[in-house]
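Single-letter residue listing:
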Amino acid sequence: MKRRVWMKRIFIFFVVCCLACLMKGELTEVKAEMYGDYVYDVLEDGTISISYYLGSYEYTSIPSEIDGKIVTSIGDGAFAHQSGLRWVQIPESVTSIGNNAFAYSVGLTEVVISEGVTSIGNGAFADCSGLRRV
């Protein structure tokens, strides 16, 4: 019987926390979509964040626009653990690279970052032991 009471309390606490976040506007609906080898999210401002790379190519150039929307960021861990990836070009439209975005991509040897990038997250290129040129 005590377990049921505690489970109810935990559930009620969870619901209250969710409602509080909704009222503050901190919870938003995010719907992941696909474009070629890229999984992306449309952000609240109508721009796109690349959230995951599904490709197996050695060379890739991130698109600057998808379905008429500008790609402005590379999300946390989006290209992490991509051992076959050797070269990436990041377009001018991208302004931020997330935490661990390319982490543990040991085959990565070169990344071309445009001048548009103003923010690079922690560990964005952590353990990219093959990286020779940025």
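First things first, this report covers the structure right here in the doc.

The rules behind these values
- Residues numbered from 1 in each chain as written.
- Predicted model: local features only at pLDDT ≥ 70, side-chain atom pairs only at ≥ 80, totals over all residues.
- Heavy atoms only, no water.
- Helix = DSSP H or I, 4+ residues; strand = E, 2+ residues; numbered from the N terminus.
- Buried < 20%, exposed > 50% of the residue type's maximum accessible area, 1.4 Å probe, protein only.
- Contact = heavy atoms within 4.5 Å.
- Areas by Shrake-Rupley, 256 points an atom, 1.4 Å probe, with all protein chains shown as cover.
- Pairing = 2+ DSSP bridges.

### Focus on the overall build of the protein
Scanning the protein from terminus to terminus reveals one helix and ten strands. For the protein, with 134 residues in total, the buried portion stands at 34%. Partitioning the contacts of the protein with sequence separation of at least 6, the portion at a separation of at least 24 is 33%. Summed over all atoms, the accessible surface of the protein reaches about 8,700 Å², with 56% contributed by carbon and sulfur.

### Concerning unusual backbone geometry
Even without being glycine, asparagine 100 reaches a positive phi, approximately 55 degrees. Mapping asparagine 100 onto the fold places it in the loop between strand 8 (96-97) and strand 9 (110-113). Look at tyrosine 104: it is not a glycine, yet its phi comes out positive at around 65 degrees. Relative to the elements of secondary structure, tyrosine 104 occurs in the loop between strand 8 and strand 9. Using a relative accessible area of 39% as the deciding quantity, one classes tyrosine 104 as partly exposed.

### Overview of the pairing of strand 1 (residues 32-35)
One face of the sheet, then the other: side chains in a regular strand alternate in exactly this way. Bridge count for strand 1 against strand 2 (residues 38-42) is four bridges, and the pairing is antiparallel. Paired with alanine 32 across the bridge in strand 2 is aspartate 41. Between strand 1 and the antiparallel strand that follows it, strand 2, lie two residues; glycine 36 among them carries a positive phi value of about 60 degrees.

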